[in-house]
Amino acid sequence: MAAIHRKPAWAIAETLATPETAFLNRRAILQAWGLGVLATAALTGLPKVARAEGDRKPAGSPALYPAKRNDAYKLDRSLTPEEINAKYNNFYEFGSDKGIYAEAQSLITNPWAIDVDGMVEKPFTIEFADLEAKIPLEERLYRHRCVEAWSMTIPWTGFSLSKLVELAKPLGSAKYIRFETFNDPSMASGQNGFLYTWPYVEGVTMAEAASDLAFMVTGAYGKPLLNQFGAPIRLALPWKYGFKSVKSIRRITFTDKRPVSFWEELASNEYGFWANVNPEVAHPRWSQAQERVLHTGETVPTLLFNGYGDQVASLYKGLENETLYR
Ligand code: MTE
């Protein structure tokens, strides 16, 4: 774990390189009210409702793992060991520091139903276990580049988002897919705070959803997803900054309105809808030219579309007037 703490000279303070852009703004608000940082912790750390151990059975079927690896998805670097990945997470529902894995154990994923609604032939609700059993699972090695300028490499298990779109039967008028995380302050202490707009929301265009790279993730490291990774089902969009990869999805809505995401709602000057990785477009507060590889501590150049340009660059032809890289 030492590598995580060894920061290269260029690295920015963690509090600055965080999508929690309002960190400073919120602190200013709290200070204006005569409340300090500790008050923030108190506001976001209200007691959780105790749950019975029996509630903690995972939603899915461990027998489906490990799934066969799809060798088309190759990496240019070694995998991040599970023990590092599983203890360095962003999951603001459970707190705003990287060590929320213990808090995330209060996430109850069984039962877990997913609503599919909006512009579809017929809205429906599906149990996670049924969904997981319906679409064949595969393993893919993906890169993951956080907007905070660190990166990991992960063996995800899941299925292409396009398979879920097929199942949902969207109407021709649908232009976007909106994903919504659970909203339950009794199990996620971070959702007690009033400074964020819950639930966590993200979105993609229908064209992006059709890209084979867009992956619905149900497992990692050959097992069902750990809670801190966003169990039981999350998204992985490896050519975009990590905040687009929404965790613990409860609702999937097909719509003709562009969804406003969690971070965009909080700070639209820093986080937008597209958020494609581009080393040449700096975040307003830090450079995106390089990234810290979490498990080696090395600093390496960041690649356009996080190295996935061959698969996704064509999606953005004709959209040059959009803010594609933030
Ligand atoms: N999804 C939810 N529901 N809540 C979150 O706080 N954080 C995002 C994304 N998805 C987040 C989320 C951010 S900023 C990143 S970088 C990735 O999840 C982190 O995924 P990891 O913890 O598996 O590395």
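Now for a look at the structure at hand. On a predicted model such as this, the values are computed, not experimentally measured, just so you know.

1. Concerning the overall build of the chain
Next, step 1: Regarding its fold elements, the chain presents 9 helices and 12 strands.
Next, step 2: Going through the 326 residues of the chain one by one, you find that 53% of them count as buried.
Next, step 3: The contacts in the chain between residues at least 6 apart in sequence include a share of 74% that link residues at least 24 apart.
Next, step 4: Within the structure as shown, the chain displays about 13900 Å² of accessible surface, and the carbon and sulfur contribution to it stands at 55%.

2. Some remarks on the site of the ligand
Next, step 1: The environment of the ligand is made up of 18 residues, and the closest members are Y92, E93, R234, S245 and K247.
Next, step 2: Between E93 and the ligand, the recorded distance is 2.8 Å, taken from a side-chain N or O atom to a nitrogen atom.
Next, step 3: Contact between the ligand and K247: an oxygen atom at 2.7 Å from a side-chain N or O atom of the residue.
Next, step 4: A total of 530 Å² of accessible area belongs to the ligand in isolation, and the protein chains cover 100% of it.
Next, step 5: For the shell around the ligand, the residue count by class is 9 nonpolar, 6 polar and 3 charged.

3. Considerations on the pairing of strand β7 (residues 215-220)
Next, step 1: Most of β7 sits inside the fold, with 6 of its 6 residues counted as buried.
Next, step 2: The pairing of strand β4 (residues 150-160) with β7 spans 5 bridges and is antiparallel. Across the sheet, W156 pairs through a bridge with A220, a residue of β7.
Next, step 3: In this structure, β7 lies alongside strand β9 (residues 234-236), joined through 3 bridges in antiparallel fashion. The residue of β9 that forms the bridge with F215 is A236.
Next, step 4: Where β7 and strand β8 (residues 223-224) come together, 2 bridges link them in antiparallel fashion. Of the residues in β8, the one forming a bridge with A220 is K223.
Next, step 5: Connecting β7 to the next strand, β8, in antiparallel fashion are 2 residues, including Y221 with a positive phi near 55°.

Thresholds, definitions, all that
- Residues numbered from 1 in each chain as written.
- Predicted model: local features only at pLDDT ≥ 70, side-chain atom pairs only at ≥ 80, totals over all residues.
- Heavy atoms only, no water.
- Helix = DSSP H or I, 4+ residues; strand = E, 2+ residues; numbered from the N terminus.
- Buried < 20%, exposed > 50% of the residue type's maximum accessible area, 1.4 Å probe, protein only.
- Contact = heavy atoms within 4.5 Å.
- Areas by Shrake-Rupley, 256 points an atom, 1.4 Å probe, with all protein chains shown as cover.
- Near = heavy atom within 4 Å.
- Polar contact = N/O pair within 3.5 Å; in protein donor to acceptor, adjacent residues only side chain to side chain.
- Nonpolar A, V, L, I, M, F, W, Y, C, P; charged D, E, K, R; others polar.
- Pairing = 2+ DSSP bridges.

Function-wise, these values are silent; they only describe arrangement.
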